[in-house]
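Here is what each chain is made of, one letter per residue.
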Amino acid sequence: MSESDGVRPGPEPADRVVIGITFGNSNSSIAFTVDDKAEVIANEDGDRQIPTALSYVDGDEYYGSQAKAFLVRNPSNSIAYFRDFLGKEFKSIDPTHCHAAARPQDDSGNVFFLVKDKDGESEASSVLVSEIATRYLRRLVAAASDYLGKKVTSAVVTVPTNFNEKQREALVAVANAAGLEVLQLIADPVAAMLAYDARPGTVVEDKIVVVADLGGTRSDVAVVASRGGMYTVLATAHDYELAGVQLDQVLMDHFAKEFIKKHNTDPRSNAKSLAKLRQESEATKKALSIGTNAQFSVESLAEGFDFSSTINRLRFEMIGRKVFDGFNRLVESVIKKAELDVLDIDEVIMCGGTSHIPRIANNFRSIFPESTKILAPATSTTAINPSEAQARGAALQASLIQEYEAKDIEQSTHPAVTTVKHISNAIGVVTTSTGGDEVFTPIMQAETAAPARRTVHIPAPKQGGDVLIKVVEGGTHIKVTKPEPKAKQPVENGDDESDFDDSDEEEEEKREKVWKLGTQLAEAAIKGVKKGGKVEVTINVAADLSVTVTAREVGGKGGIRGTISA
């Protein structure tokens, strides 16, 4: 491949050393795959979640946790929360989270930062956000190379689902400038699902999954249909005012009020005190995700006064209730956007640093039916570390495609290839139960990408005989059963009935998912099925959405086959 092809020439497939990268707005992670198992790499400071920050002190560059620590004593020369500025014009960025660090500046629409990044500099130099991102990615690649003992050449990088083409191109460009070949950009929710579905012993099943990516500065939720190992994003929601920083703020306000009571001064009124308050509040939040109590302690918080306090998890959950309720509303809104109900969701995958907080997972547990798996540390012993899921998925994808030529990878991920037709309704069979009721058995779920093939075995009547099978389209709807109204109790002694509130005793309405039968596609009769036998029905949907139905007795000879046009 030549540079004239418009793609930066990368190493030969056999010479690649690949990793997965989650380049987050708050924290980033790097992972590699060994023996089909993805592992997250710790950098030289021992961090697996590496703060997305750079800081310059006397010409030396610090990144990760060290750079984040400098936000207290070197804020104007430290840069954080810059990932979301890539590929954007200055007028469309939100600089809110940068108020405690170097502020983004405008240069003819381009975003840049003023920092003294060279030793002995008297004046700050302007550094474009693309250069900042390149420097940071270079440090991630160096950390991975040191860990693996060989130079990393290539990566699969995860991106939010709302990154537009310009942002994606900007991300590839900064990675290339850092000496990294980007094999593929994959959506954050898909990366998280890959991390789970690629685990040894996992059976790939058709399912609807909510991926709740709750980060430090933003929350992204997606509803994804998994059909035969293929993923289709049905709906997404992005919230920039509901994330980990809002819970930090809740703790900051709580401890600031305590400090004011003791010392009659507000630590939030001074930039340095505010920075200390913010960092210790975040550390306290993380401690409360692991234990039920946490210590908050800052030396010389404000006006020379040291401050120490404690808080338990219950208190934190009470003061942060509005924020916690917001996560519920966000998830419910994206399910509604996908025109589904919570009863349609088979799994909820929680990822992002804020997903470690037990209250959020427990709240989700209360809004979904018991059959829905909530994959988070607080609700599942098999959950993957939420901060690592996406990087692991990216590393697994990188290991799968590392031996392909760059041109082949690019062609296989082109929209013309990846945007394929899907069936809009489920396809299944209707059989008659022993009680005479019609029973719908779904064979192929809605949103399955074509071409696809599914088979199901249906028991024949116990005594055997002829079996009539109807192939129909089906859709789900929610059946609501309201409780019977209770008879009013007679009022004695002239008491006013309005004084009694029996709302707590009222039964809740019952909601269940039921199949609603649609268009009949075909009808087939299998004659003379043996006693206790089964009938095998295969549905084959072609790329043009035409349907071929095959029905036969399991173990028998012959069968019936027919094709219905799209």
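An unreviewed UniProt entry lists the protein under the name Ribosome-associated complex subunit SSZ1, from Epichloe bromicola.

Structural notes on the overall build of the protein
Helices and strands together make up the secondary structure of the protein, namely 12 helices and 27 strands. Counting the 566 residues in the protein, one finds 46% classified as buried. In the protein, the proportion of contacts linking residues at least 24 apart, taken out of those at least 6 apart, comes to 64%. Carbon and sulfur atoms make up 47% of the accessible area of the protein, which totals about 28,700 Å². Side-chain charges of the protein comprise 64 positive and 82 negative groups, with the mean position of each set lying 3 Å from the other.

Structural notes on the pattern of salt bridges
One pass over the structure, following the stated rule, counts 24 salt bridges. A salt bridge links Arg-135 to Glu-131; its shortest N-O distance comes to 2.9 Å. Separated by 4 residues within a single helix, Arg-135 and Glu-131 lie in helix α2 (residues 129-148), roughly one turn from each other. Three or more residues are tied together by salt bridges with common partners; here these are Arg-83, Asp-84, Arg-218 and Asp-220.

Focus on the sheet that holds strand β18 (residues 347-351)
If you walk across this open sheet you meet the 5 strands as β15-β14-β13-β18-β19, and the pairing is mixed. Taken across any chain shown, the strands that pair with only one partner, and hence form the sheet edges, are β15 (230-239) and β19 (373-375). Taken over all neighbouring pairs, the strand axes of this sheet differ in orientation by 15° on average, direction set aside. One ladder, built from 3 bridges, connects β18 with β19; its direction is parallel. By the bridge assignment, Glu-347 is partnered in β19 with Lys-373.

Structural notes on the packing of helix α1 (residues 65-73) against helix α6 (residues 271-290)
Look at α1 against α6: their axes get within 7 Å of each other, and the N-to-C directions meet at 145°. Seen from α1, the contacting residues are Lys-68, Ala-69, Leu-71 and Val-72; seen from α6, they are Lys-272, Ala-275, Lys-276, Gln-279 and Glu-282. Considering only residue class, the contact of α1 with α6 consists of 4 nonpolar, 1 polar and 4 charged.

Side note on the confidence of the model for the protein
Any segment with low pLDDT has predicted coordinates that should not be analysed in fine detail. Across the protein, the average pLDDT comes to 88, with 92% of residues at 70 or higher. Every residue in residues 1-7 scores below 50 in pLDDT, and together they form 7 contacts with partners more than four places removed in sequence or on other chains.

Parameters at a glance
- Residues numbered from 1 in each chain as written.
- Predicted model: local features only at pLDDT ≥ 70, side-chain atom pairs only at ≥ 80, totals over all residues.
- Heavy atoms only, no water.
- Helix = DSSP H or I, 4+ residues; strand = E, 2+ residues; numbered from the N terminus.
- Buried < 20%, exposed > 50% of the residue type's maximum accessible area, 1.4 Å probe, protein only.
- Contact = heavy atoms within 4.5 Å.
- Areas by Shrake-Rupley, 256 points an atom, 1.4 Å probe, with all protein chains shown as cover.
- Lys, Arg positive; Asp, Glu negative; His and termini not counted.
- Charge placed at Lys NZ, Arg CZ, Asp CG, Glu CD.
- Salt bridge = Lys/Arg side-chain N within 4 Å of Asp/Glu carboxyl O.
- Pairing = 2+ DSSP bridges.
- Axes fitted to C-alpha atoms, helices over the stretch in contact; angles between N-to-C directions.
- Nonpolar A, V, L, I, M, F, W, Y, C, P; charged D, E, K, R; others polar.
- pLDDT = per-residue confidence, 0-100.

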